[in-house]
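An overview of the molecular structure
As a plain string of letters, each chain reads:
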Amino acid sequence: MSEQSGQQVAMSQLQAQYQLRIDAVLSQAIARLNPLAPKLKAAMEYGLLQGGKRVRPLLVYACGDLFAQANDTALDAAAAAVECIHAYSLIHDDLPAMDDDDLRRGQPTVHKAFDEATAIIAGDALQALAFELLSQTNLGLSAERQLRMVQELAVAAGFHGMCGGQALDIQYEGQAIDSAALEQLHRHKTGALILTAVRLGALCTPDLQEPHLSSLSKYAQAIGLAFQVQDDILDITADTQTLGKTQGKDIMQQKSTYPALLGLDGARQLADQLLDQALSALADIPYPTQTLEAFAHYIVKRDF
Ligand code: GRG
């Protein structure tokens, strides 16, 4: 087996391990909800637990596991909180008022499987659940550290992060924008939550050193943008069944994308440059970063 395929096997085993771990944590969080509103609970469970690559929780775990003193209870809470925000964003993004999509993760979207009102409330409740999980008092971190984490997640999810990016996406629909505007959009819409996943994972280590957090943030910013560049490429090159969501949606909605701006080869080159940036940021960290390196490769080479 070549060194690279050996790394890929190790990476997929680790991914499977982290996926089982986050799925168990998320299932418990849903199971703990009382039966007051069974339809809402079912819609939350459907939006949260019906597949998904779990990229963001995997980043939380991989960053936490870099450091020997990472707190596992806090890592589970942070990973679950980030995934709840992500699941809420997908449910709302698929609504008729936004992307109006019928398919997500190979299944009917939440508003199709349930109804629009339930999908809106399920998204809202998942967002609240994220903060409920991250603000639990038994995580074993100092109150100051935990407050910092709650605040980072709030900023990443809100106006200065994902919601701001979503607003830009809607604003730019049908317009040709330049690469600076496209980058700004994606650094908010998808990049902010990926950055926060990495930072929260690292912040689960009580004596984390700020220079290490800063290098990890550079890594996260590079893979966050690379994730989106690859998403744009896959919207053209992959099929609906492989993607589990409607292929060609960007073109249909006249969205600016990296392949539209740079051509497919130009977009692939950009993804490779971002991969290099991510890898060089890791070089500054004096811990074994193989998992994060493999993860950066996966983000750029993934096919769904
Ligand atoms: C509704 C406030 C609000 C925000 C929505 C993230 C987002 C903002 C919309 C998603 C639209 C989209 C398709 C963005 C492209 C990149 C992306 C986030 C893809 C979906 O994430 P994956 O690939 O999904 O990690 P899975 O299903 O694997 O969890």
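As a starting point, this report considers the structure included with it. (Residues numbered from 1 in each chain as written. Predicted model: local features only at pLDDT ≥ 70, side-chain atom pairs only at ≥ 80, totals over all residues. Heavy atoms only, no water.)

What follows deals with the environment of Q230. In this fold, Q230 is placed in helix α10 (residues 210-237). On the basis of relative accessibility, which here comes to 8%, the residue Q230 falls in the buried class. Sequence separation between Q230 and A117 is 113 residues; the distance between their C-alpha atoms is 32 Å. Sequence-distant contacts of Q230, defined by excluding residues within four places in its chain, comprise I299, V300, K301 and R302. (Helix = DSSP H or I, 4+ residues; strand = E, 2+ residues; numbered from the N terminus. Buried < 20%, exposed > 50% of the residue type's maximum accessible area, 1.4 Å probe, protein only. Contact = heavy atoms within 4.5 Å.)

Taken together, the neighbourhood of the ligand is formed by 19 residues, with K53, R56, H86, D93 and R105 sitting nearest. A distance of 2.5 Å is found between an oxygen atom of the ligand and a side-chain nitrogen or oxygen belonging to K53. Taking R56, its side chain carries an N or O atom lying 2.8 Å from an oxygen atom of the ligand. Here the ligand loses 93% of its free accessible area of 700 Å² to cover by the protein chains. (Near = heavy atom within 4 Å. Polar contact = N/O pair within 3.5 Å; in protein donor to acceptor, adjacent residues only side chain to side chain. Areas by Shrake-Rupley, 256 points an atom, 1.4 Å probe, with all protein chains shown as cover.)

In protein structure, a disulfide is the covalent linkage between the sulfur atoms of two cysteines. Per the stated rule, a full pass over the model turns up 0 disulfides. Summary of cysteine pairing: C163 is not part of a disulfide, and the nearest cysteine sulfur, belonging to C84, is at 15 Å. In this structure C163 comes out as partly exposed when scored by relative accessible area, which is 36%. The structure places no disulfide on C204, whose sulfur is separated from the nearest cysteine sulfur, that of C63, by 10 Å. (Disulfide = S-S within 2.5 Å.)

Following the sequence through the fold, P57 ends up in helix α3 (residues 55-64). Judged by its relative accessible area of 0%, P57 is buried. Taking the C-alpha atoms as reference points, P57 and L182, separated by 125 residues in sequence, lie 26 Å from one another. In this structure, P57 is in contact with I22, A79 and E83, ignoring residues within four places of it in sequence.

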